[in-house]
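Examination of the molecular architecture
What follows is the residue order along each chain.
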Amino acid sequence: MILGPQKYRKSPVYIVTSILAIALLALAMGSAAVIIAVALVLMTLLYPIFLWIWERVYGADDIADQVFYAHTEDGWNLPLHFHRPSHPRPGAYPVILSHGIAANKFSVDLDRAHSLAYYLKRQGFPVFVVSLRGVGRSYHQGRTRYRDFNFDDIVQHDLPSIIATVRRLTGAPRVNWVGHSMGGMVMYGLQGRKLAGHEDVASFVAIGSPGRIDHTRRSLWGAVTRFPWVNELIDFRFGAQIVSPLTGRFTTPIEEMIFSKDNVSTTTIRKMMKNGVENISYGLANQFINWMRSGKELSVDGSFNYREGLRNIETPTLFLSGARDHVAIPESVRFAYERAGSKIKKYIELGHEQGLPVDYCHTGLVLGERAPEDVFPLVLDWLEQYGIERRRRGWIKRVFRRKKKGPRRARKFRDYRDSNRPSGVIQA
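This report concerns the structure included in the present document. (Residues numbered from 1 in each chain as written. Predicted model: local features only at pLDDT ≥ 70, side-chain atom pairs only at ≥ 80, totals over all residues. Heavy atoms only, no water.)

Counted according to the given criterion, the structure contains 16 salt bridges. For the salt bridge of Glu 278 with Arg 237, the shortest nitrogen-to-oxygen distance reads 3.6 Å. Here Arg 237 lies in helix 9 (residues 236-243) and Glu 278 lies in the loop between helix 11 (266-275) and helix 12 (282-294), a separation of 41 residues in the sequence. Across this residue pair, the class does not change: Glu 278 and Arg 237 are buried. Between Arg 339 and Glu 338 there is a salt bridge whose closest N-O contact spans 3.7 Å. (Salt bridge = Lys/Arg side-chain N within 4 Å of Asp/Glu carboxyl O. Helix = DSSP H or I, 4+ residues; strand = E, 2+ residues; numbered from the N terminus. Buried < 20%, exposed > 50% of the residue type's maximum accessible area, 1.4 Å probe, protein only.)

Printed below as a string of structure tokens:
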């Protein structure tokens, strides 16, 4: 289907409201407003034809080698897009790479030139790119539950299941977690609440992941808190697909906030809009709106403060922020860094002041044209320091062991390359 499975689409009523919203957005864009509005309305009305064209121009193929599934206790099946290294690094713990809000795996694993997963795979790390509940190829056993989830559900159910499944598939005793935007925030939550699997994370990299989001009240995102019904009226996935060919051709406040042309090419951002944007569940949107309004990142039942939980992070953690990131401003990422309880932690802001040729935006941190040169090596360095199993024995024991059993060989994890291993649901 051109628009994807039916479960990812809203009813026709939302398509109509989306058309109106797209037209109103176009009218606010500037001098070419009328022309843009007419073009968008025409593309929307004839979307089956145009989306067929956009699919061939801006469509993205899954570059992963295989797809596994993790099954959560509350009925969700979460895809794990596996990148198998041709030359596995001895002792390297598998890397789990997670996207952020309103996005799927393509937002961090778009193509070979714009994929942290592919970069780490070439360095010998096995990588599993996830699509959290409600996005990508994830699916629930009952359709009525599709939009009935929040941030707490992801932390309590998705992450423990994903970590346990990856460990089972690889035989690895521990994993590495790399998260972009909300993909890092959910790991803050898992570590903060000390839920199942938090002790199995050897290292953690948070890329543009804020420790607080009340700063958004002072930005365009703050408008969402004043009009929370917008999320219920607009099909963002449908709208993103429609406007994808026009993205980057005109300067709008929304585009300025999400990406910078200095970081991300217009072709890349159009491809991302066509393939990587998703709707936000009602529960998740409402929880974030409450956080923006109150200045407190609380669980839905109010029993846990995620901001206070940052002190419980004990995993070696690297915090990366973009100097031009308007979604997760540097101060919000540094907030998480300063409050994290880990004895091993590091904060890096990426921009001109650090000697880089560009100030990194939110999307540019993972899909930027220079990210493989500026950002990805920082992630790799951290994983090489803390994401590889190291044997710690005294030199006398090592010498004795070598004499007795010959040269020491690096431990091998279970052969996850087994071609007979099914790619279906793996019970966590």
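Our next topic: helix 14 (residues 330-339). The periodicity of an α-helix, 3.6 residues per turn, causes residues three or four places apart in sequence to face the same way. Among the residues making up helix 14, those that are buried are Pro 330, Ser 332, Val 333, Phe 335, Ala 336 and Tyr 337. Buried-residue contacts for helix 14 involve helix 6 (182-193), helix 13 (306-309), strand 10 (317-322) and strand 11 (345-350). (Contact = heavy atoms within 4.5 Å.)

Further remarks concern the environment of Asn 77. Mapped onto the elements of the fold, Asn 77 is located in strand 2 (residues 76-83). For Asn 77, a relative accessible area of 2% gives the class buried. Taking C-alpha positions, Asn 77 is 9.7 Å from Ser 131, a pair spaced 54 residues apart along the chain.

With that settled, the discussion passes to the side chain of Asn 275. Turning to its location among the elements, Asn 275 is positioned in helix 11. A polar atom in the side chain of Asn 275 sits 2.7 Å from the backbone oxygen of Lys 271. With near-sequence residues (within four places) excluded, Asn 275 lies in contact with Tyr 58, Gly 59, Ala 60, Asn 104 and Phe 106. (Polar contact = N/O pair within 3.5 Å; in protein donor to acceptor, adjacent residues only side chain to side chain.)

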